[in-house]
Each structure stands twice: as C-alpha cells, then as structure tokens.
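# Tertiary structure, described
Below, each chain spelled out in residue letters.
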Amino acid sequence: MTSLSPVLKQATPVVVDHAQGSWIHGTDGRSYLDFTTGIGVTSTGHCHPKVVAAAREQVGKIIHAQYTTVMHQPLLALTEKLGEVLPEGLDSVFYANSGSEAVEAAIRLARMATGRPNIVVFQGGFHGRTVAAASLTTAGTKFSAGYAPLMAGVHMSAFPYAYRYGWDEEAAVAFALQELDYLLQTRTAPNDTAAFLIEPALGDGGYLPTPGAFMDGLRERADRHGIQLIFDEVQAGVGRTGRFWGHQYSNVAPDIIITAKGIASGFPISAIAASTETMSKAWPGSQGGTYGGNAVSAAAGVATLEVVEEEGLVENSRVRGDQLQAGLIQIQERFPVIGDVRGRGLMQGIEFTAEDGAPDARTATAVQQATTDQGLLTLTCGPAGNVVRLIPALVVTADEITTGLERFEAALAAVTEAVTTATGS
C-alpha cells in the first residue's frame, strides 16, 4: 500500500474529524484545545465563519486565475487591505505560495536592488527548507544537513540570546552587535553585503523575541552601509505577538517585509512588500509563479484581515498573551525543570533546562507528548529541541487560556512525577 513518507513524523497522534475556533475534534471522539494552530497559521481560529464564507463564494466564481495572465478582484482587494497595515513606504507587493518562496523572493530582490552578493543571517533563524531558504536557516542542522552544496554568499552572525549566554539583555545585545561589526570587518565587507535578514521573534530557533535595541542597531548599520534590512514576519506577523507586526516592538521599519502563515487563516499564500523604488529594481522575469496569489487564498486573506480588525484580535493577542505568560511564570515557580519562559503575545516559549544548565530536550519532548494526553496540542522547537511552544489562535478566550494552562501543568506534573518515581528520589 502507498503511504506517506516515513520521514514525516507526527507531533501528535490526532486524526482530525473537524475543527472550530480553538478546538480540534478528532476521529477518536476527543476534543483537543489547539495551541499549535498549524504552526501559527490559523490566526482567526479553525474555520472562522467569515473566512469560510469568503472562500466558498470565491470557489463558485473562479479558483485559479494566474495573476500574471489575468488579474482577479480578490488579489486587488487583498493588496489594498494589506496597504492599511504595511509599514509606511512599503507600497509594492509580490505574492507567492509559501514562506520559503517569499524568503527567496526577498533575498533575490535585495541582491538585485543593491548589486551585492552576500546575505547576513542571525544564529537560530528559520527561513524555510528550499535550497536558498535552507541556506539561510540556522535554527538546527536538520533543515540543511545532507543537502550540500548550499547557496553561497550567506554569513551568520550572533543573535542576542540572553538566557543561553547567562547575561542580561543589554549585555547580549552589545555582544551581538559587536560580533556583527566584526563579521563585516572579517567575512563580508559592507559593500559586498546586500541584506540583513532576521525574524522579529525567532520561531523554530526557540521562540525568542528579538530585542528592540538589537533591531535599532541593525537599522543604523543598514542605513550607514546601504544594506537592505529584511524582516521575516512569516510567523511573528498578523497579530501573533500582540502587535500587528512583530517588529513593532522596536522603533525601526524594514526595507523589505515577508509575510505568510496567518495572513489567510490556513489558505496558502505569502507575500513580500517593499517600496516601489526598490521593487522596480527586480529584473524582468525574476518574479512570477503558477499558483502565487491564488484567488481563493486571496479572498480568504481579505476576510482574515477584516476579522482581525473587526474583532480586535491584535489587542486580544496582547491581553491573552499576557495572561498566558503570567500563568506560565507561576508554573515555572513550581517546576524547576523550566529554565525560562518568554515570548510576546500568543507566541510563548518554555525552555527546559537540566540541573547542570544543559538543554533538557528529553523533558520537553515528554511534556509535549503528555499535553496531548491532557487534551492540549503543543509543539517543540529550539536547536536542541528543549523548548515547548504555545501558539493559540488569536480568537482564544480567557477561559481557554486558563484551560490550556491547567492542562499544561497537569502534563508537566505527570512527566516530573514519572521521573521521580523512576529514580526513586
């Protein structure tokens, strides 16, 4: 019999029957509180009625209207709607299907706009699995191992990961900026450097918010050297962090922004935005694609942005995120296996650390599996796999956050009790 690739490992054993809002209902008859949202994709919750209605209506009109052949109304409407939330000056948009494609389009544009070959990324960043995107990814070797040769012209600099270094944030930022300056002196000269590419909050790298002072330092250096500053908002954007864009916790704006995931509540679409001046420097034929800007996905994107605005979901993300983090910090006080709790909005990470300070992936994995038993779906991340990440939908309620915290703590208690029993301590 034909089956899925054995390399595709399921994080949970759940087979979905149907889903609504923050809940997935399995074929096993159980209901699960979904704090994964398809890795931050179903921003308005599962099957939001307005998104469903928009997609259904569009399917009856036209499904595939290849947008360099014929234009369609949903893409024009989505572009107009995006213009209401894009950083000032980023008034030109290119659409693709996935985050990886959008990342590749962004670095292609930066190279063409500057005439320079090199891209600087930051340790722990995740930008995708296609050749160029994997070459830019440093969140773990699994994303690029066995895939050599990778794309040339990529240089990695330090990320201000304060907890890992054992420093405060100010010291970590100073160190990371010093290392970036050293990289520009030793590996990639500024006039050979096309772009800095960074996530405003690391995703697969461990759910680490990027400090505003570090973003300020990147902007200053980018302006000084004529380097494009690219923000990968694939996971952090569309209200996930309690601001519409993750970078809005800083005082800087990007030259190019990348969005995907939550922009259409589960329909595949991605985009990059830049100024018309910058976008016009892309070479003829360098942008395109068969499925990019799909009509049904675009219609879902318009509905998603309307729901985010009408239901105040960015503010809900901030408030419910504060509630979630406060609850996790209280749990941390009762369970010393948790070394760090961090995040912004509904993008929260719990890092597990052994007594000697080493990453504790075994406990993180056990807790992630145990949450499923408790009816809560979670995921892990981080280079060592020792971070459990919680990614509720932006529509999550206060009661659902409370339920999630209770189920997370029950899973944690079950795992630590099992370890205590096994060791006899």
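Described in the following lines is the structure provided in the data block. Everything numeric here is computed off the predicted structure, so don't read it as measured data.

### Examining the packing of helix H7 (residues 169-186) against helix H8 (residues 212-225)
Between H7 and H8, the least distance of the axes is 9 Å, while the angle of their chain directions is 25°. With respect to their mutual orientation, H7 and H8 come out roughly parallel. The crossing of H7 and H8 is right-handed. Along the contact surface, H7 presents Val173, Ala176, Leu177, Leu180, Asp181 and Leu184, while H8 presents Ala213, Phe214, Gly217, Leu218, Arg221 and His225. Looking at the contact of H7 with H8 residue by residue, the classes come out as 8 nonpolar, 2 polar and 2 charged.

### Looking at the pairing of strand S4 (residues 92-96)
Judged by how many residues are buried, S4 sits mostly within the fold: 4 of 5 residues are covered. As defined by bridge partners, S4 adjoins strand S12 (residues 270-274) across 5 bridges and the pair is classed as antiparallel. From the neighbouring strand, tyrosine 95 faces S12, where its bridge partner is alanine 271.

### A word on empty space enclosed by the protein
Counted by the stated rule, this structure contains 1 cavity of 30 Å³ or more. Of the voids in this model, the largest cavity is the one considered here, and its volume is about 30 Å³. Residue lining of the largest cavity: Leu82, Leu86, Val93, Trp245, Ile257, Ile258, Thr259, Ala271, Ile272 and Ala273, and that is the complete set. Secondary-structure elements contributing two or more residues to the lining of the largest cavity are strand S11 (256-259) and S12.

### Some details on the nonpolar core
If you look at the biggest cluster of nonpolar residues, it comprises 78 residues, and the most contacted ones within it are Leu197, Ile230, Ile258, Ile272, Phe352 and Phe408. Excluding residues that lie within four positions of it along the chain, leucine 197 makes contacts with Val103, Ile107, Ile119, Val120, Val121, Phe122, His127, Leu136, Ile230, Asp232 and Ile258. Grouped together as the second largest cluster of nonpolar side chains are 23 residues, Phe159, Tyr161, Phe214 and Phe231 included.

Reading guide: rules and limits
Residues numbered from 1 in each chain as written. Predicted model: local features only at pLDDT ≥ 70, side-chain atom pairs only at ≥ 80, totals over all residues. Heavy atoms only, no water. Axes fitted to C-alpha atoms, helices over the stretch in contact; angles between N-to-C directions. Helix = DSSP H or I, 4+ residues; strand = E, 2+ residues; numbered from the N terminus. Parallel < 35°, antiparallel > 145°, perpendicular 65-115°, else oblique. Left-handed = near helix turned anticlockwise from the far one by under 90°. Contact = heavy atoms within 4.5 Å. Nonpolar A, V, L, I, M, F, W, Y, C, P; charged D, E, K, R; others polar. Buried < 20%, exposed > 50% of the residue type's maximum accessible area, 1.4 Å probe, protein only. Pairing = 2+ DSSP bridges. 1 Å grid on protein atoms, 1.4 Å probe; cavity = no way out; pocket = protein on both sides within 12 Å on 5 of 7 lines; lining within 4 Å. Points joined across faces, edges and corners; volume = space filled by probe spheres on them. Core = buried A, V, L, I, M, F, W, Y, C linked by side-chain atoms within 4.5 Å.

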